[in-house]
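Observations on the three-dimensional arrangement
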Amino acid sequence: MLYHFPSKQALVEAAHARVLSELVEAVASAVDAAGPAAAPADSKARWSSVADLLSAARAARGITGETDLRSAALVIGGGIDAIVSESLSDPEYDASAAAEVLVGVVEGGLL
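Everything in this summary refers to the structure shown in the same document.

The rules behind each value
Residues numbered from 1 in each chain as written. Predicted model: local features only at pLDDT ≥ 70, side-chain atom pairs only at ≥ 80, totals over all residues. Heavy atoms only, no water. Helix = DSSP H or I, 4+ residues; strand = E, 2+ residues; numbered from the N terminus. Rg over C-alpha atoms; globule rule 2.2 N^0.38 Å. Buried < 20%, exposed > 50% of the residue type's maximum accessible area, 1.4 Å probe, protein only. Core = buried A, V, L, I, M, F, W, Y, C linked by side-chain atoms within 4.5 Å. Contact = heavy atoms within 4.5 Å. Axes fitted to C-alpha atoms, helices over the stretch in contact; angles between N-to-C directions. Parallel < 35°, antiparallel > 145°, perpendicular 65-115°, else oblique. Nonpolar A, V, L, I, M, F, W, Y, C, P; charged D, E, K, R; others polar.

**Focus on the overall build of the protein**
Per the secondary structure count, the protein includes four helices and zero strands. Taken from N to C terminus, the helices and strands of the protein fall in the order α-α-α-α. In summary, the protein has a C-alpha radius of gyration of 18 Å against a globular reference of 13 Å for 111 residues, an excess of more than 25%. Seen through its principal axes, the protein has C-alpha atoms that stretch 55 × 40 × 20 Å. Burial analysis of the protein (111 residues in total) assigns 15% to the buried set.

Pasting the structure below:
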């Protein structure tokens, strides 16, 4: 296989891109087949694990002070939902780049 690519790194990048593309297609197909989902009966189940992760990350970094972790978790969840939705509706949308932007926002504002 290596003779088809200029370097080992190029081979790894091509393999990664193919696997990621196939994964996105498989997930998109599963989402389409499932149809719309009902909202969770207990919204706390959705945001509380993200809030717990934020709290632990802040503690690990020695960050003190009050922060509305519930609202922060809801904002992060909304960002993730929007990135996934956009990538499903536009196959050319760069979800990885968008995720990096979201990480930057979280690290810059909360961590």
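And the narrative resumes.
**Concerning the nonpolar core**
Residues L54, A72, I76, I83, A98, L102 and V106 constitute the largest nonpolar core, which totals seven residues. Setting aside residues no more than four positions away along its own chain, L54 makes contact with L69, A72, A73, I76, V106, L110 and L111.

**Quick word on the packing of helix α3 (residues 69-89) against helix α4 (residues 95-109)**
Closest axis-to-axis distance for the α3/α4 pair is 10 Å, and the angle between their directions is 170 degrees. When the interaxial angle is binned, α3 and α4 end up roughly antiparallel. Here I76, G79, I80, I83 and S87 of α3 come into contact with α4, specifically with A95, A98, A99, L102 and V106. Residue classes in the contact of α3 with α4 are distributed as eight nonpolar, two polar and no charged.

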